[in-house]
Amino acid sequence: MRVIFLIFLSLLTSNVSASSSERFHFKECRYSIALSNDWRFSKKPSSKNNCELEVVNSNINASISISIGYKEYLILLSEQGFDYFNNEWVTVGRQGSKERAEKVTLKHWHGFKGIVASGCHNAKGYIGICSREILVLRESDIVDGNSLIVSSSFENSVDLTKVYNSIQPEY
């Protein structure tokens, strides 16, 4: 009986630690994010790198990049490949690709999410066309608050909404 209880306890604690997350605060960049232990920083945001955050998760082959949008919201949308075309928002990518964009409402943000095809590079150079999920968001509670550009790539279909919802404004 004791062995079964110890096995159950170890399973319970391993599940808790796998799903636990830590909040990282970047006050000078005016946002924070909660990440589980699976995510590793490849670039931490600071005022020196325009507040760009990059994290990778090797377990699901995913990466997320977050940066502050220092321009007007509609300009940010356009620069990230969004366009209002034939009465709907779309993303426009390389070689004439076009995808329907989705209006998103997250815990602290709202905006648009879409897939953009762009050129991919590795250490050896250009490797072809890759798709990236792009979100251009602005704060839900403040008219002239922060805007964020979130770019994600992943090998398999994965839902990153939990990570996106953990991004909070910081003041």
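Presented here is an overview of the structure given in this document.

Reading guide: rules and limits
Residues numbered from 1 in each chain as written. Predicted model: local features only at pLDDT ≥ 70, side-chain atom pairs only at ≥ 80, totals over all residues. Heavy atoms only, no water. Disulfide = S-S within 2.5 Å. Helix = DSSP H or I, 4+ residues; strand = E, 2+ residues; numbered from the N terminus. Buried < 20%, exposed > 50% of the residue type's maximum accessible area, 1.4 Å probe, protein only. Pairing = 2+ DSSP bridges.

**Details of the state of the cysteines**
One way to say it: the disulfide is the covalent bond shared by the sulfur atoms of two cysteines. In the structure shown here, the tally under the stated rule is one disulfide. Across the disulfide from C29 sits C51; the S-S distance is 2.2 Å. Measuring the twist about the S-S bond at about -85 degrees, one finds the C29-C51 disulfide to be left-handed. On the criterion of sequence distance, the pair formed by C29 in the loop between β1 (21–26) and β2 (31–36) and C51 in the loop between β3 (40–43) and β4 (53–57) is long-range, its members being 22 residues apart. Considered together, C29 and C51 belong to a single accessibility category, that of buried residues.

**Looking at the pairing of strand β10 (residues 109–122)**
Relative to β10, strand β9 (residues 102–105) runs antiparallel, the two sharing four bridges. Considered in β10, the bridge of V104 is made with G111. What sits between β9 and β10 in their antiparallel hairpin is a turn of three residues. As defined by bridge partners, β10 adjoins strand β11 (residues 125–139) across 14 bridges and the pair is classed as antiparallel. Following the sheet pairing, G119 is matched in β11 by I129. In sequence, β10 turns back onto β11 through a hairpin of two residues.

**Thoughts on unusual backbone geometry**
Within the chain, N50 stands out as a residue other than glycine whose phi angle is a positive 55 degrees. Within the element layout of this structure, N50 appears in the loop between β3 and β4. Even without glycine at this site, N87 takes up a positive phi of about 65 degrees. Looking at the element boundaries, N87 is found in the loop between β6 (82–85) and β7 (88–92). According to the relative accessible area criterion, N87 is exposed, its value standing at 68%.

**Description of the sheet that holds β2**
Taken together, the three strands give an open sheet; going across it, the order is β1-β2-β13, and neighbouring strands pair in antiparallel fashion. Two strands lie at the open edges of the sheet, namely β1 and β13 (168–169), each paired on one side alone. Bridging between β2 and β13 involves two bridges; their strand directions are antiparallel. Bridging across to β13, S32 finds its partner in Q168.

Interpretation in functional terms is not warranted from these geometric data alone.
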